[in-house]
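# Analysis of the macromolecular model
Each chain, letter by letter, is given below.
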Amino acid sequence: MKKFSTMYFRDRDIQKIIGKLLRLGVVSASIISLIGGIIYLSVHGMDSIPDYHKFHGQPETLTQIAGIIEKTFSLNARGIMQLGVVVLIMTPILRVFCSLFSFAIEKDRMYVVITFAVLSIILFSMFTGMKI
Amino acid sequence: MSILIFTLILLLGAYFAGLIGSMTGLGGGVVIIPLLTLGFHIDIHYAIGAALVASIATSSGSASAYVREGITNMRLGMFLEIATTLGAVLGAAIAVYMPTNAIAIIFGIVLIFSAAMTLRKKHDQTVVVGSAASKRLKLNGSYPTVEGQKSYQLTNVSGGFSLMTLAGVLSGLLGIGSGALKVLAMDVIMRVPFKVSTTTSNFMIGVTAAASAVVYLQRGYIDPGIAFPVIVGVLGGATTGARLLQRMNVKVLRIIFSVAISIVAINMMYNGFHHKF
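Fair warning: this is a prediction, and the values are worked out from it, not measured in the lab. (Residues numbered from 1 in each chain as written. Chains lettered and ligands numbered in written order. Predicted model: local features only at pLDDT ≥ 70, side-chain atom pairs only at ≥ 80, totals over all residues. Heavy atoms only, no water.)

## Some details on the overall build of chain B
Our working definition: What counts as a helix is a DSSP run of H or I of at least four residues, what counts as a strand is a run of E of at least two, and both are numbered from the N terminus. Our radius of gyration looks at C-alpha atoms and nothing else; its globule reference is 2.2 Å times the residue count to the power 0.38. By definition in these notes, contact holds between two residues if any of their heavy atoms fall within 4.5 Å. Per-residue accessibility takes into account occlusion by the displayed protein chains alone, with areas from the Shrake-Rupley method and a 1.4 Å probe. His is not counted here, nor are the chain ends, while Lys and Arg score as positive and Asp and Glu score as negative. Throughout, a charge is located at the NZ atom of Lys, the CZ atom of Arg, the CG atom of Asp or the CD atom of Glu.
A count of helical and extended segments in chain B gives 11 helices and two strands. Computed over C-alpha atoms, the radius of gyration of chain B comes to 18 Å, within 12% of the 19 Å expected from 2.2 N^0.38 for 277 residues, which places it in the range of a compact globule. Projected onto its principal axes, the C-alpha positions of chain B cover 60 × 40 × 30 Å. Considering only residue pairs separated by 6 or more positions, chain B has 80% of its internal contacts joining residues 24 or more positions apart. When the accessible area of chain B is evaluated, it comes to approximately 10100 Å², of which 67% is carbon and sulfur surface. Computed over 18 positive and 7 negative side-chain charges, the inter-centroid distance for chain B is 6 Å.

## Observations regarding the packing of aromatic side chains
As a reminder of what qualifies: For this analysis, a ring pair means two rings from Phe, Tyr or Trp (six-membered ring only for Trp) whose centres lie within 6.5 Å, classed as stacked if their planes differ by under 30 degrees, edge-to-face if by over 60, and tilted for the remaining angles. Only protein chains enter the area calculation, which uses a 1.4 Å probe; residues under 20% of their type maximum are buried, those over 50% are exposed, and those in between are partly exposed.
Per the counting criterion, the structure on display carries nine aromatic pairs over all chains. Aromatic pair Tyr52(A) and Phe6(B): ring centres 5.8 Å apart, planes at 35 degrees, arrangement tilted. Here Tyr52(A), found in the loop between helix 1 (11–44) and helix 2 (65–73), pairs with Phe6(B), found in helix 1 (residues 3–24), and the two come from separate chains. The exposure class of Tyr52(A) is buried, given its relative accessible area of 4%. Phe6(B) gets classed as buried once you look at its relative accessible area, which sits at 2%. Ring centres 5.4 Å apart and planes at 45 degrees place the aromatic pair Phe103(A) and Tyr111(A) in the tilted group.

## Observations concerning the UniProt feature "transmembrane region" (unreviewed entry) in chain B
Residues and elements named next belong to chain B. Counted only if it meets this: UniProt positions are given in the numbering used here, feature names are shortened, and annotations may be inferred rather than shown by experiment.
The UniProt record marks residues 46–67, 79–96, 102–119, 160–181, 226–245 and 252–270 with the feature "transmembrane region" (unreviewed entry), using the residue numbering of this structure. The distance separating the terminal C-alpha atoms of residues 79–96 is 28 Å; by composition the span is 89% helix and 0% strand. Along residues 226–245 one finds 100% helix and 0% strand; the C-alpha atoms at either end are 28 Å apart.

## Some remarks on helix 2 (residues 29–40) of chain B
Residue and element names in this part refer to chain B. We count it as follows: One less than the residue count of a helix, multiplied by 1.5 Å, gives the span that helix is expected to have.
Between its first and last C-alpha atoms helix 2 spans 15 Å; for 12 residues at 1.5 Å apiece the expected length is 16 Å, and the two agree. For helix 2, the buried fraction is high: nine of the 12 residues fall into the buried class. Where helix 2 is concerned, the buried positions are Gly29, Val30, Val31, Ile32, Ile33, Pro34, Leu36, Thr37 and Phe40. Downstream of helix 2 by a residue or two, His41 has a phi angle that is positive, lying close to 55 degrees.

## Quick notes on the interface of chain A and chain B
Spelled out, the test is: In short, buried area is how much 1.4 Å probe accessible area vanishes from two parts on joining, totalled over both. Any carboxyl oxygen of Asp or Glu that lies within 4 Å of a side-chain nitrogen of Lys or Arg is treated as forming a salt bridge with it.
With 63 residues of chain A at the contact, the number on the chain B side is 62 residues. Of the roughly 5800 Å² buried between chain A and chain B, counting both surfaces, carbon and sulfur atoms make up 71%. Interface area lost by chain A to chain B is led by Gln15(A), Tyr52(A) and Phe55(A), which between them contribute 13%. Seen at the junction of chain A and chain B, the total is five salt bridges. A salt bridge links Arg95(A) to Glu81(B); the shortest N-O distance between them is 3.5 Å.

## Describing the environment of Leu137(B)
Within the secondary structure, Leu137(B) sits in the loop between helix 6 (132–136) and strand 1 (141–145). Taking the C-alpha atoms as reference points, Leu137(B) and Leu76(B), separated by 61 residues in sequence, lie 8.6 Å from one another. When sequence neighbours within four positions are dropped, the list of residues in contact with Leu137(B) reads Met110(A), Tyr111(A), Ile114(A), Phe79(B) and Val157(B).

This is the structure we're talking about:
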């Protein structure tokens, strides 16, 4: 077996892993939203569309991860569809995480700092929600 | 209109958006926003949320293929993402105070610019001597060509970085990937080879869009009933588009689409000036 070393973990190998990760994220996001969508259409398909002309925003349960997960477990269609959105949003963020590890393995300290800066900006907006 | 009919039309529209978007280089959001606002008279806030979802889907979907080929410059992308994510968070913050009509007008201007950019003549950079900053930041790289690995250097890092911040602000404000601006920053200002700048830009769009999407999700801009057909449709379209791309001459398609986009843009701006949003 190859050693888990800098030599083995060259850029190309990491790029392959990241490529697979992106694909996996996108495929699972679409499968989850499709499942939610089919349930949504089978229950509400014949209803008339909600009032999208005016902006009302989503109820709080659909704007927070905890609420979305809770709704998913109770098999709420809108909750499952929103979980698909969350998985889709998480895919590029997870990719940044992976890059952080790959730069750490390569012992590229400068890029560990740069990647960490990007991640911090995203995490900052995630936790504050920028509700100014 | 019933939800079923609405979903099916949106699914078809999103498929078209993904298909054309992946072949011309214009992101999915460019089609999604006019379709929702002009076509269905849906509030522009919901449209921005849906466009962000479309941008992430197109970027992650096509980036996965490019990354494996090793064309993307990961260090360059990550370094510039500091600028785009900062800009995106800023743009999402500004969006609260921006009147919807102003957003529509800015969107129109960006659309026309993007359309013009896709028609621009593309010629690869002649050999560039990299700047000191580029060397220090390890941004120079190489990419595979038919003649084997080709190395390149780049220049004007600070100029590219500033334009990337603007690209980030626009993407946070409008929900689009602003790929045209990203390519401009890398291609024209930093003199990155064309193939590298387009793939790296595509790769970056997902991260930029995700940075503002987490804000918009918490603000309730993302409606699952709209997002679901958009995700499924855009991904399906982008997959077909990537396949068609190998056997098609997209030159004519680019011209037709750019003209169509410009007409839509003028329509958006007209409505914006007449306060119809």
